[in-house]
Amino acid sequence: MELKLARSLLKFVLRWAHQNFECGWFILYIALHYNGTEVSCRWFIPCIGFASKKYTPPVKNLGDFRGEVYHTAVWPQHHVNMKGKRVSIIGTGASGIKVAQEVGPKVKNLTVFLRTPNFCLPMRQHALDPKEEQKKKDSGHYDKMSEATRGTFAGFTHDFHQVETFDETPEQREAKYEQLWQQGGFCLWLNTYKDMLFDQKANDEAYKFWQRKVRERVPNPKKAEILAPTNPPHPWGTKRPSLEQNYYEVMSQENVKIVDVNKSPIVEVTENGLRHKDGFEELDILVLATGFNSSTGSLAQLNIRGTTGETIADYWKDGTRTSMGIAIPTFPNMFFLYGPQAPTAFSNGPSCTQFQAEWVEKCIKQCTQKGITRLDSLAEVEADWAKRMQEKWDITLFPLAKSWYQGANIPGRKVEPLNWAGGMPEYRASLDKSLENDLQGWKYSTARA
């Protein structure tokens, strides 16, 4: 049976196992109502991630366009033919970067509408040698790499360089940055000096290196200033740097135009194109790479109701609140993975999800052994986590960027830290500590209360 959860009603239901209230036996079941069908479970674990509610900006007259419109969050399964077409992309997040570098060489012309330059890093993607990969598997190489992720800040196989930026000479810094650049991936972001995301002067050094490397690939001075500006709009790495293969070479092509919407904002969409302050672009295809209502949007869009009758959206109307980024008071027996106030967007997704899942397994086993049938997260744990979330956030440079990390990409949404910025080891330790001393971070009831 396919369950389309966005249209379902999820409701917590208390069922008494016996009507003898002197004994007071009760068991908590969670019932999922869908098209008249009810499915009950003891534990409910929504694993819908942090980016499943797309965001479409309020572009005037978008529905009037007679060409093709695609949102990168719901890209069609069929092939989209862009060869020789006139194409525009709104947005330069991860999906916008990918679409631009793929279609730029194929289209007649491409116009990219950019609000903030993406400080991209080289992906260094390459074909793997099957024989070499088998050797690594047989030798336990990947097992060792996987185990290493348990001790690193973001759950990757690499970690911050345990030296501060200005502890080394300019020559040493240059060599370190170059090494990380050549390694590719997120190394220049999360394998660099440990103060880069905490100290503005250290951050400036990283940005100067990145800017120089990018400008070497963008010969057009006007495009170079847009893509790697002299004065960065935010500290380097405080918006997620996307990975690219040949993005800057594609942006340098003659058939590619970049429109800075801060200087030339979009006015409206017409039947045959898009008008902005400084001109009009005739289009065959419009791509909306405008991202998601991230972190909270996924859970809040579902009609899940807790024991008070409130939905999660109701519960979060004044701000996001969770117990350690894995549970919510008044929603007993529910754990969510890879969602708000966990390491999530500041982590390697598979690692974060694995560590949370391992903890959930440990928790449920402990509850089973104790005969626990209802487990509630505590309001005081929630309040403490909110305090710790803010403290970890405030000591970084992340608050200086208007980013989806704090919900700033959605007009009218409360700007607040949505991801745990204290690192994976401390997060895992917090979860484990909550189970100590007879589940000190939780309120529970047994089948015979």
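What counts and how
Residue numbering note: each chain is counted from 1, following its sequence as written. Local features in this predicted model are restricted to residues whose pLDDT is 70 or higher, and side-chain atom pairs enter the listing and the counts only when it is 80 or higher, whereas totals over whole chains, interfaces and linings include all residues. Calculation of side-chain values draws on the structure's entire complement of heavy atoms; hydrogens and water are dropped beforehand. Here a strand is any run of E in DSSP of at least two residues, a helix any run of H or I of at least four, and the numbering for each starts at the N terminus. What the globule rule says is 2.2 Å times the number of residues to the power 0.38, and the radius of gyration is computed from C-alpha atoms. Classification of residues uses two cut-offs on accessible area relative to the type maximum, computed with a 1.4 Å probe and protein chains only: under 20% is buried, over 50% is exposed, and between them is partly exposed. Any two residues having at least one pair of non-hydrogen atoms within 4.5 Å are treated as being in contact. Here the Shrake-Rupley method, with its probe set to 1.4 Å, supplies the accessible areas, and only the displayed protein chains count as covering residues. Two residue types count as positive, namely Lys and Arg, and two as negative, namely Asp and Glu; His and chain ends fall outside the count. Working definition for charges: the position is that of NZ of Lys, CZ of Arg, CG of Asp or CD of Glu. Centres within 6.5 Å are what make two rings of Phe, Tyr or Trp a pair, Trp counting through its six-membered ring; a difference in plane orientation under 30 degrees is then read as stacked, over 60 as edge-to-face, and the rest as tilted. Should the NZ of a Lys or the CZ of an Arg lie within 6 Å of a ring centre and within 35 degrees of the ring normal, that charge is described as sitting over the ring. For two strands to be treated as a pair, DSSP must find no fewer than two bridges joining them. What counts as an axis is a line fitted to C-alpha atoms, over the stretch in contact for a helix, and the angles between N-to-C directions run from 0 to 180 degrees. Nine residue types can take part in a nonpolar core, namely buried Ala, Val, Leu, Ile, Met, Phe, Trp, Tyr and Cys, and a core is a set of them joined through side-chain atoms within 4.5 Å. In the analysis that follows, any N or O atom pair within 3.5 Å is treated as a polar contact, provided that within protein one partner can donate a hydrogen and the other can accept it, and provided that, for residues neighboring in sequence, both atoms belong to side chains. Per-residue confidence from the predictor is reported as pLDDT, a score between 0 and 100.

Some details on the overall build of the chain
- Broken down by element type, the chain carries 14 helices and 16 strands.
- Computed over its C-alpha atoms, the radius of gyration of the chain comes to 25 Å, within 12% of the 22 Å expected for a compact globule of 449 residues.
- Buried residues in the chain amount to 51% of all 449 residues.
- For the chain, the proportion of contacts with a sequence separation of at least 24, taken over those separated by at least 6, is 69%.
- About 21,600 Å² of surface is accessible on the chain, with carbon and sulfur atoms providing 51% of the total.
- Mean positive and mean negative side-chain charge positions of the chain (57 and 51 charges, respectively) differ by 4 Å.

Here we look at the packing of aromatic side chains
- Under the criterion given, the structure shown has 26 aromatic pairs.
- Centre to centre, the rings of phenylalanine 50 and tyrosine 338 are 5.3 Å apart; their planes meet at 75 degrees, and the pair counts as edge-to-face. Of this pair, phenylalanine 50 sits in the loop between β3 (37-41) and β4 (68-71) while tyrosine 338 is found in the loop between α10 (312-315) and α11 (349-370), placing the two residues 288 residues apart along the sequence.
- Judged by relative accessible area, phenylalanine 50 falls into the buried class, the value being 14%.
- One aromatic cluster in this structure is built from Phe50, Tyr338, Phe346, Trp393, Phe398, Trp404 and Tyr405.
- It is arginine 321 that lies over the ring of tyrosine 315; its NZ or CZ is 4.0 Å from the centre.
- Across the ring face of phenylalanine 355, the terminal group of arginine 428 is positioned such that the distance to the ring centre comes to 4.9 Å.

A look at the sheet that holds strand β10 (residues 266-269)
- Strands sit in the order β10-β11-β12 across an open sheet of 3 strands; the sheet is antiparallel. Here the strands that pair on one side only, and so sit at the sheet edges, are β10 and β12 (279-282). Across the sheet, the mean angle from the axis of one strand to that of its neighbour is 20 degrees, orientation sign disregarded.
- Relative to strand β11 (residues 273-276), β10 runs antiparallel, the two sharing 3 bridges. If you follow valine 269 over to β11, its bridge partner there is leucine 274.

Description of the nonpolar core
- The biggest cluster of nonpolar side chains holds 56 residues, and the ones touching the most others in it are Leu110, Leu121, Trp189, Trp210, Trp236 and Met251.
- Setting aside its immediate chain neighbours within four residues, leucine 121 contacts Trp181, Gly185, Phe186, Leu188, Trp189, Trp210, Trp236, Pro241, Ser242, Leu243 and Glu244.
- Counting residues in hydrophobic clusters, the runner-up holds 24 residues, among them Met324, Ile364, Cys367 and Met389.

Structural notes on helix α2 (residues 130-139)
- Among the 10 residues that make up α2, 1 are buried, leaving the element largely open to the surroundings.
- Where α2 begins, the capping side chain belongs to aspartate 129, and its oxygen is found 3.0 Å from the backbone nitrogen of lysine 131.
- Of the residues trailing α2, glycine 140 is marked for its positive phi of about 80 degrees.

Focus on unusual backbone geometry
- Positioned with a positive phi, glutamine 341 is a non-glycine residue whose angle comes to about 70 degrees.
- Even without glycine at this site, asparagine 437 takes up a positive phi of about 50 degrees.
- Asparagine 437 sits in the exposed class, given a relative accessible area of 62%.

Structural notes on the confidence of the model for the chain
- Averaged over all residues, the pLDDT of the chain equals 91, while 92% of them reach at least 70.
- Scored below 50 in pLDDT, residues 1-8 makes 14 contacts in the model with residues more than four places away or belonging to other chains.
- Confidence drops under pLDDT 50 across residues 14-26; counting only partners more than four residues distant or on other chains, this segment forms 27 contacts.

Considering the side chain of lysine 213
- Residue placement: lysine 213 occurs in helix α6 (residues 200-215).
- The exposure class of lysine 213 is buried, given its relative accessible area of 12%.
- Beyond its immediate stretch of four places on either side in the chain, lysine 213 contacts Glu178 and Trp181.

Re the sheet that holds strand β6 (residues 109-114)
- Read from one edge of the open sheet, 5 strands run β4-β13-β5-β6-β9, paired in parallel fashion. Strand pairing shows two members of the sheet lacking a second neighbour, β4 and β9 (256-260), which therefore form its edges. Taking each pair of neighbouring strands and ignoring which way they run, the sheet shows an average axis angle of 15 degrees.
- Across 4 bridges, the pairing between β4 and strand β13 (residues 285-288) is parallel. Bridged to valine 69 within β13 is leucine 286.
- Sheet strands touched by helix α1 (residues 94-103): β5 (86-90), β6 and β13. Its angle to β5, the strand with the most contacts, is close to 160 degrees.

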